[in-house]
Amino acid sequence: MRNIKENERHFTLIPYWENLDVIKNFASADFERAKYHPGDENFLQECEETVQHYEVFAP
């Protein structure tokens, strides 16, 4: 999702993971700390320190 405010673009990414164990395997035990790749700082004005996880709920 994208939101443009005062000529800045803000993005919200919503990846879907199979379960929390898969996230922990990717991100390590500190799975709420944001993970960035080398070079990301060249494209981002700021880097969030943490991420939020949600469950998809379908009754």
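Data block above holds the structure.
Below: a short report on this structure. Everything numeric in this text was worked out from a predicted model, so none of it was measured.

What counts, and at which threshold
Residues numbered from 1 in each chain as written. Predicted model: local features only at pLDDT ≥ 70, side-chain atom pairs only at ≥ 80, totals over all residues. Heavy atoms only, no water. Helix = DSSP H or I, 4+ residues; strand = E, 2+ residues; numbered from the N terminus. Rg over C-alpha atoms; globule rule 2.2 N^0.38 Å. Buried < 20%, exposed > 50% of the residue type's maximum accessible area, 1.4 Å probe, protein only. Contact = heavy atoms within 4.5 Å. Phe/Tyr/Trp six-rings, centres within 6.5 Å; stacked < 30°, edge-to-face > 60°. Lys NZ or Arg CZ within 6 Å of the ring centre and 35° of its normal. Polar contact = N/O pair within 3.5 Å; in protein donor to acceptor, adjacent residues only side chain to side chain.

A few points about the overall build of the protein
Of the regular secondary structure elements, the protein holds one helix and two strands. Listed by position from the N terminus, the elements making up the protein come as β-β-α. Compactness check: the protein gives a C-alpha radius of gyration of 14 Å against a globular reference of 10 Å for 59 residues, more than 25% above the reference. Dimensions of the protein, computed from the C-alpha atoms along their principal axes, are close to 40 × 30 × 15 Å. A buried classification covers 7% of the 59 residues belonging to the protein. Once local pairs closer than 6 in sequence are excluded, the contacts in the protein between residues at least 24 apart make up 9%.

Describing the packing of aromatic side chains
Following the criterion strictly, the structure yields one aromatic pair and no others. Pairing W17 with F26 gives two aromatic rings, centres 5.4 Å apart and planes at 40°, and the pair type is tilted. On the accessibility criterion, W17 (38% relative accessible area) is partly exposed. Geometry around F26 places K35 over its ring, the cationic atom sitting 4.3 Å from the centre.

Quick notes on helix 1 (residues 20-27)
Here helix 1 starts with a cap whose side-chain oxygen sits 3.1 Å from the backbone nitrogen of D21, and that cap is N19. S28, located one to two residues past helix 1, shows a positive phi value of around 85°.

Overview of unusual backbone geometry
Of note in the backbone geometry, N7 takes a positive phi value of approximately 65° without being a glycine. Note that N7 resides in the loop between strand 1 (2-5) and strand 2 (8-11). On the basis of relative accessible area, N7 is assigned to the exposed category, the value being 65%. Although it is not a glycine, S28 adopts a positive phi angle of roughly 85°. Note that S28 resides in the segment after helix 1.

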